[in-house]
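Each chain, letter by letter, is given below.
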Amino acid sequence: QLIRELGITGGDDAAVGYYAGIIESLFFVAQALTVLRWSRLSDRIGRKPVLLVGLSGTCISMLCFGLSTNFWSLVVSRIVCGVLNGNIGVMKTMVGELTDSTNMAQGFALIPIIWCIGAFIGPLMGGTLARPQDHWPTLFGHSFWGRYPYFLPCAVSACLLFLAFFVLLFFLEETLSTKRRSKLKSTTSGISIDADIDREALTRKSMADMPLQSLLTPTIVIPIANYAMLAFLDIALLALLPLFFSTPTYLGGLGFSPSSIGSWLALFGVVDGLIQALFLARIVDWIGPKRLFCFSVSCFAPIMAIFPIMSWIVHASGAGDHAITFALLAQLVLIVVWDMAFATIFMFITASAPAKNVLGAINGLGQTTASVARAIGPALATSLFAFSKEHNLLYGNAVFLILVILGGLLRWLGSHLPDEIQNRDE
């Protein structure tokens, strides 16, 4: 919607997908170039400082995004966000350091839960607070809000990030063992632990400086390859959902308004988060991480198939409100199962580490490959969507067939994961 209103496409609705994909991809391009450095830096200076820098960078970039009035200002704000944000890899490293084989599933289930909470709040906030001068003209009648109609949701997001910064600063404990024990040293009297700290610090430094080539073993590469393909398909899905919802019905979309798009995406997020919170760890314990991963990724094909079914319903009936609602709810159920793959692949990546003091490097490597995949995913998916619609390839549905084929490749990769996660308890 923002791209249309800024006039970037010159009024060509079919071309919105190209520019939306480029802007979405730029964050992941920038992140792919820097996330490994942030992760390895966290092995040296600690996890907490890197997280603080990431929150600060995201806060600044959100404000810049809301003040953007042309394509290039959108580009710069997304690049700044990607360069300064190495948090995802570091967070997974911290979860790996705080868990063991008995509670790993519960720990990594928290990551998609938090993601789903954001997926609920973000679209709801964006759809509700965008263009406040139209919804609440008395409060937002100033010309500023007409010039920057999308600044309010960005400003609210920045305020939440600002709050998170201080919560992290004062309440989060460092998990890097050398930094944690250094603090213990300063508060403990009469006990000399200098030698132990020095030995661990030297070990940590040597592991942090070890070449990446030594980590590229099949045990590590196979889970990372699965994560990269999973990230690619997931970001393609996330890019296609709002694009398909907003595309006019005469082009094969649903023609939803921004508020309707926000409401549906928020519903997806809250249901997904609740299911992950209540049942994910139990399901992992019940059927095992590999079986769950393979079953979850198998849901991608029917998720894609629902898109052309909805297009056909709208074309055949002209509206099909009840049928569209049923199709969206069916797609929601499949997406919930699909998202369970993330927690399980995080478990495989963490378990592949030969020692905890290389978790930062391995998670950084995994996040780098995932960021590359996510950089390609939105641009490729939205461009294929626009190309399919413009040239009426398979009645505008060629993009979904291509992604189904790639989903089959992910299912094949999943079959090469180890049958059981190795015990990493010390």
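Rules used in this analysis
Residues numbered from 1 in each chain as written. Predicted model: local features only at pLDDT ≥ 70, side-chain atom pairs only at ≥ 80, totals over all residues. Heavy atoms only, no water. Helix = DSSP H or I, 4+ residues; strand = E, 2+ residues; numbered from the N terminus. Buried < 20%, exposed > 50% of the residue type's maximum accessible area, 1.4 Å probe, protein only. Areas by Shrake-Rupley, 256 points an atom, 1.4 Å probe, with all protein chains shown as cover. Expected span 1.5 Å × (residues − 1). Core = buried A, V, L, I, M, F, W, Y, C linked by side-chain atoms within 4.5 Å. Axes fitted to C-alpha atoms, helices over the stretch in contact; angles between N-to-C directions. Parallel < 35°, antiparallel > 145°, perpendicular 65-115°, else oblique. Contact = heavy atoms within 4.5 Å. Nonpolar A, V, L, I, M, F, W, Y, C, P; charged D, E, K, R; others polar. Phe/Tyr/Trp six-rings, centres within 6.5 Å; stacked < 30°, edge-to-face > 60°. Patch = residues over 30% accessible without salt bridge, like charges linked within 9 Å, V, L, I, M, F, W, Y side chains within 5 Å. Salt bridge = Lys/Arg side-chain N within 4 Å of Asp/Glu carboxyl O. Left-handed = near helix turned anticlockwise from the far one by under 90°.

*Asks:* Teacher, can you tell me more about the overall build of the protein chain here?
*Replies:* Helices and strands together make up the secondary structure of the protein chain, namely 18 helices and zero strands. Considering the protein chain as a whole, with its 426 residues, one finds that 51% of them fall into the buried category. Counting every atom, the protein chain has about 19600 Å² of accessible surface; 69% of that belongs to carbon and sulfur.

*Asks:* Please explain helix H12 (residues 218-246) as it appears in this structure.
*Replies:* Given 3.6 residues per turn, any residue in an α-helix points the same way as the ones three and four places further on. Its 29 residues place the ends of H12 42 Å apart at the C-alpha level, agreeing with the 42 Å of an ideal helix rising 1.5 Å per residue. The element H12 is extensively covered by neighbouring structure, given that 22 of its 29 residues are classed as buried.

*Asks:* Hey, could you run me through the nonpolar core in this one?
*Replies:* Generally speaking, nonpolar side chains in soluble globular proteins are found buried as a group. Residues Leu230, Leu237, Phe245, Met310, Trp338 and Leu403 are the most contacted members of the largest nonpolar core, which totals 72 residues. Within the residue set of this core, elements represented by two or more residues are helix H6 (104-129), H12, helix H13 (258-287), helix H14 (289-297), helix H15 (300-317), helix H16 (321-351), helix H17 (359-391) and helix H18 (398-414). In terms of residue count, the dominant contributor to this core is H16 (16 residues).

*Asks:* Sorry, what's going on with the packing of H15 against H18 here?
*Replies:* Pairs of packed helices are described in terms of their axes, by the angle between the two and the distance that separates them. Relative orientation of the contacting elements H15 and H18 amounts to 175°, with a least axis distance of 9 Å. By the angle class used here, H15 and H18 are roughly antiparallel. In this structure, H15 uses Phe300, Ala301, Met304, Phe307 and Pro308 to contact H18, whose residues at the interface are Phe400, Leu403, Val404 and Gly407. Looking at side-chain class alone, the contact of H15 with H18 contains eight nonpolar, one polar and no charged residues.

*Asks:* Explain the packing of aromatic side chains here, please?
*Replies:* Both the distance between ring centres and the angle between the ring planes are used here to describe each pair of aromatic rings. Summed over the entire model, instances satisfying the criterion amount to 16 aromatic pairs. On the numbers, 6.2 Å between centres and 45° between planes, the contact of Trp145 with Phe151 is tilted. Owing to a relative accessible area of 16%, Trp145 belongs among the buried residues under this scheme. In this structure Phe151 comes out as buried when scored by relative accessible area, which is 14%. Taken together, the aromatic side chains of Trp136, Phe140, Phe144, Trp145, Tyr148 and Phe151 make up a single cluster linked through ring pairs.

*Asks:* I would appreciate a short explanation of a nonpolar patch on the surface in the present structure.
*Replies:* A surface patch of nonpolar side chains, amounting to about 750 Å² of accessible area, comprises Phe162, Leu163, Phe166, Val167, Leu169, Phe170 and Phe171. Among the structural elements, Phe171 can be located in helix H9 (residues 151-171).

*Asks:* Explain the environment of Trp312 here, please?
*Replies:* Within the secondary structure, Trp312 sits in helix H15. For the pair Trp312 and Tyr395, spaced 83 residues apart in sequence, the C-alpha to C-alpha distance is 9.8 Å.

*Asks:* Please clarify how the pattern of salt bridges should be interpreted in this entry.
*Replies:* Close approach of charged atoms allows side chains of opposite charge to pair. In the structure shown here, the tally under the stated rule is three salt bridges. In this structure, Arg131 and Asp134 form a salt bridge, with 2.8 Å as the shortest nitrogen-oxygen distance. Residue classification places Arg131 among the partly exposed residues on the basis of a relative accessible area of 27%. Between Asp419 and Lys290 there is a salt bridge; the shortest N-O distance is 3.0 Å. Remark: Lys290 occurs in helix H14 and Asp419 occurs in the segment after H18; sequence separation between them is 129 residues. Its relative accessible area of 14% is what places Lys290 among the buried residues.

*Asks:* Would you mind showing me how to read the environment of Ser39 here?
*Replies:* With respect to the helices, strands and loops of the structure, Ser39 is situated in helix H2 (residues 16-45). The buried category is assigned to Ser39, whose relative accessible area is 1%. A C-alpha to C-alpha distance of 6.4 Å links Ser39 and Gly89, two positions 50 residues apart in sequence. Setting aside residues up to four positions removed in sequence, Ser39 forms contacts with Arg47, Gly89, Val90, Gly360 and Gly364.

*Asks:* Quick question: what am I supposed to make of the environment of Leu163 here?
*Replies:* Within the fold, Leu163 resides in helix H9. Taking relative accessible area as the criterion, Leu163 reaches 55% and is therefore assigned exposed. The spatial distance from the C-alpha of Leu163 to the C-alpha of Leu55 is 9.8 Å, given a sequence separation of 108 residues.

*Asks:* What is the right way to read the packing of helix H5 (residues 87-98) against H17 from this model?
*Replies:* Where H5 meets H17, the closest approach of the two axes is 8 Å, and the angle between their N-to-C directions is 140°. Taken as axis vectors, H5 and H17 run oblique relative to one another. The two elements H5 and H17 cross, and the hand of that crossing is right-handed. Of the residues in H17, those in contact with Ile88, Gly89, Lys92, Thr93, Gly96 and Glu97 of H5 are Leu359, Gly360, Asn363 and Gln367. Considered class by class, the residues forming the contact of H5 with H17 number two nonpolar, six polar and two charged.

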